[in-house]
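# Descriptive analysis of the structure
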Protein chains: 2
Amino acid sequence: MKIAIAGAGAMGCRFGYMLAKTGNEILLIDEWPAHIEAIQKNGLTAVDGDVRDTIQIPIVRPEEARGQVDLVIAFTKSMKLGEMLGKIKGIIHEDTKVLCLLNGLGHEETMRKYVPEKNIIMGVTIWTAGIIEPGVVRVGGVGSVEIQAIDPSGEKVAHEVVEVMNEAGLCAVYSQNVLFSIWRKACVNGAMNSTCALLDTNLAEFFASNYAEDIVREIVTEFSQVAAKEGITLDIDQTTDYVITASKKVGSHYPSMHQDLVQNHRLTEVDFLNGMVNKKGEKYGINTPYCRLITQMVHTKEQALGIKQ
Amino acid sequence: MKIAIAGAGAMGCRFGYMLAKTGNEILLIDEWPAHIEAIQKNGLTAVDGDVRDTIQIPIVRPEEARGQVDLVIAFTKSMKLGEMLGKIKGIIHEDTKVLCLLNGLGHEETMRKYVPEKNIIMGVTIWTAGIIEPGVVRVGGVGSVEIQAIDPSGEKVAHEVVEVMNEAGLCAVYSQNVLFSIWRKACVNGAMNSTCALLDTNLAEFFASNYAEDIVREIVTEFSQVAAKEGITLDIDQTTDYVITASKKVGSHYPSMHQDLVQNHRLTEVDFLNGMVNKKGEKYGINTPYCRLITQMVHTKEQALGIKQ
């Protein structure tokens, strides 16, 4: 399959690497000059424990992407999705499917602006990856992917995508309710990322507090109330347990928003997690004060650090 | 007047110093060994700009306080008020007035456990002070004090206290609604202290964000709704403006809770600000999610830092 990876950060490179190894024709697309230069010069290196494997793989800036692909896998930062899809519209043809694997909420609305409904595939993954240095990506651990075509007419091709991913060892399944899985993962990120970023704690430090579970439950409750308005049922008890269990399992990990805000002073994805729930909540007449205050505080911190206008 | 200062930190020392200079008989009471030793050995030194003035003034630990005083001025940390009043009950006689000048809410309930209603005077002050080192206190700037007897029978003596304070230059007035002033000051502290502590910003950095005023307004709204249940009218617009104006005036100052939590890793007074509003809100059936989340987050941070069990 001809596949473009739109957003070749850690996760994009992991998927690109694994799909290239099983014979797919991969084009990486990214904006980071040092990363592009390193991969063009030295290839993409995947590191798994002591094992390093380098493959030659084309990488271009979005404006340089040419030709026609069967599938685009979007792996940008949340706030960059629309911009990326706009820039690569030259490679998205009438039958090109676009699979969105971003974290966070509301991306299907952005997708609809650039891709016909019949070609949109939404997904969620629990694979992880990390950039070690430009051109070098950490690919250890295991994970899985769930995907679903938004329109029934896209189901056949989406099943082919599942097969291609499984050949590459990506453990994909065709989901009957991918929006549920996306919302449930957003609950994990919405409860943990922003709180750990604001409190400058890792997950283990956060859960050492006997206030932590109350905070998680209130955030999950707001997500659940808003999700219900979109036809997605998130049981509050079950989802709270899911968030707590998933978070305690990874222990002393700093969530990605902590890495963005505290460690690297980069703009966060809060508008696509707590901020999106508050925005949707306003639309549906549901008050979501925990999500609202968290969003306001993260933005205040971003502005205090000079990383947001 | 024979006056004991129960809690001779920065503010207690300022009041003790100014009242001693105009001939009152002052006894300082505190628990900080280095501070007690320094004042016993070298006297209390007040620093105002280039001017240093040292006076001899007795200071004892609470358990050592003896005799009878006309007035106790309580200046402890909020969470230490009850313990202090319990320990110095030997100097609180039938006619001893006790004036509470602590920041925060709910102290009149603590006072009632240790002091007869007729002897309770509540107050609020905008004087500031700082400890430079044990035994040395910074006393620059200007301020004022408002006090009011809780019971009408205490009014006469409270007026005498106002006179004694004014002789000492403390700019005191007898208030007709001290609880209003206490709540309004608590709004300033509840909106600014906990947010700046959580975000690790000073007031100017906080207000540089265009989310800051929304955060302040929502916190003030919760304070106002709960205050109304106690017969205190805090107009939301006016109080929001008051908080913003008061805070912007002091600019690059770090509020005391930032000093406690971020700079010195000390337990905060959040339970007497946002936490008290949430607690009272629960009692009155008013939902106060901003105050609740702020309290939960401050406690989570205190626990992550190992300063709270």
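Residues numbered from 1 in each chain as written. Chains lettered and ligands numbered in written order. Predicted model: local features only at pLDDT ≥ 70, side-chain atom pairs only at ≥ 80, totals over all residues. Heavy atoms only, no water.

Chain A goes by 2-dehydropantoate 2-reductase in an unreviewed UniProt entry, where it is assigned to Granulicatella seriolae.

This part takes up the overall build of chain A. Of the regular secondary structure elements, chain A holds 12 helices and 12 strands. At 19 Å, chain A has a C-alpha radius of gyration in line with the 19 Å of a compact globule built from 309 residues. When its C-alpha atoms are laid out on the principal axes, chain A stretches across 50 × 45 × 35 Å. Looking at the 309 residues of chain A, the share that counts as buried comes to 56%. Put simply, 69% of the contacts in chain A that link residues at least 6 apart link residues at least 24 apart. (Helix = DSSP H or I, 4+ residues; strand = E, 2+ residues; numbered from the N terminus. Rg over C-alpha atoms; globule rule 2.2 N^0.38 Å. Buried < 20%, exposed > 50% of the residue type's maximum accessible area, 1.4 Å probe, protein only. Contact = heavy atoms within 4.5 Å.)

Taking the UniProt record as the reference, the feature "domain: Ketopantoate reductase N-terminal" (unreviewed entry) is found at residues 3-151 of chain A. Span residues 3-151 of chain A is 25% helix and 32% strand, its end C-alpha atoms 21 Å apart. (UniProt positions renumbered as here; feature names shortened; annotations may be inferred.)

Residues Asp-200 and Glu-205 of chain A together with Asp-200 and Glu-205 of chain B make up a contiguous surface patch of negative charge. When you line up the elements, Asp-200 of chain B lands in the loop between helix H6 (178-199) and helix H7 (203-207). (Patch = residues over 30% accessible without salt bridge, like charges linked within 9 Å, V, L, I, M, F, W, Y side chains within 5 Å. Areas by Shrake-Rupley, 256 points an atom, 1.4 Å probe, with all protein chains shown as cover. Salt bridge = Lys/Arg side-chain N within 4 Å of Asp/Glu carboxyl O. Lys, Arg positive; Asp, Glu negative; His and termini not counted. Charge placed at Lys NZ, Arg CZ, Asp CG, Glu CD.)

Relative to the assigned elements, Glu-222 of chain B resides in helix H8 (residues 212-229). In this structure Glu-222 of chain B is buried but unpaired, with Arg-292 of chain A as the nearest side chain of opposite charge at 7.0 Å. Polar side-chain contacts of Glu-222 of chain B include one of 2.8 Å to the backbone nitrogen of Tyr-290 of chain B. Those residues in contact with Glu-222 of chain B that sit more than four places away from it in its chain are Val-277, Thr-288, Pro-289, Tyr-290 and Cys-291 of chain B. (Polar contact = N/O pair within 3.5 Å; in protein donor to acceptor, adjacent residues only side chain to side chain.)

With an axial shift of 0.0 Å and an RMSD of 0.0 Å, the rotation relating chain A to chain B amounts to 180°. Viewed as a symmetry operation, the transformation between the two copies matches a two-fold axis. The C-alpha atom lying nearest the rotation axis in chain A is that of Pro-289 of chain A; the distance is 3.1 Å. Most of the interface of chain A is mirrored in chain B, where 100% of its interface residues are also at the interface. (Least-squares fit on C-alpha atoms with pLDDT ≥ 70 in both.)

What follows is about unusual backbone geometry. Unusually for a residue other than glycine, Asp-200 of chain A sits at a positive phi of about 55°. Even without glycine at this site, His-265 of chain B takes up a positive phi of about 50°. Summarising the element assignment, His-265 of chain B is placed in the loop between helix H10 (256-263) and helix H11 (274-284). Look at His-265 of chain B and you get partly exposed, because its relative accessible area is 39%.

A few words on the environment of Gln-296 of chain A. Looking at the secondary structure, you find Gln-296 of chain A in helix H12 (residues 289-304). Taking the C-alpha atoms as reference points, Gln-296 of chain A and Asp-271 of chain A, 25 residues apart in sequence, are found 9.8 Å from one another. Each residue touching Gln-296 of chain A, except ones within four places of it in the same chain, is listed here: Tyr-211, Asp-214, Ile-215, Glu-218 and Tyr-290 of chain B.

To continue, consider the nonpolar core. In terms of nonpolar packing, the biggest core is built from 130 residues, with Met-192 of chain A together with Met-192 of chain B touching the most fellow members. If we ignore the near neighbours within four places in the chain, the residues touching Met-192 of chain A are Leu-203, Phe-206, Phe-207, Val-216, Val-243, Ser-247 and Pro-255 of chain A. (Core = buried A, V, L, I, M, F, W, Y, C linked by side-chain atoms within 4.5 Å.)

Moving on, we come to the pattern of salt bridges. Within this structure, the stated rule accounts for 36 salt bridges over all chains. The partner of Lys-80 of chain A in a salt bridge is Glu-83 of chain A, and the shortest N-O contact between them spans 3.7 Å. Taking the relative accessible area as the measure of exposure, Lys-80 of chain A reaches 42% and is therefore partly exposed. Between Arg-112 of chain B and Glu-117 of chain B there is a salt bridge, with the nearest N and O atoms lying 2.8 Å from each other. Here the residues in one salt-bridge network are Glu-31, Arg-61, Glu-63, Lys-80, Glu-83 and Lys-87 of chain A, joined through shared partners.

The next thing to look at is H12 of chain A. Residues and elements named next belong to chain A. Compared with the 22 Å implied by 1.5 Å per residue over 16 residues, the 22 Å span of H12 between its first and last C-alpha is a close match. Most of H12 sits inside the fold, with 15 of its 16 residues counted as buried. In the stretch just after H12, Gly-306 is the one whose phi turns positive, near 75°. (Expected span 1.5 Å × (residues − 1).)

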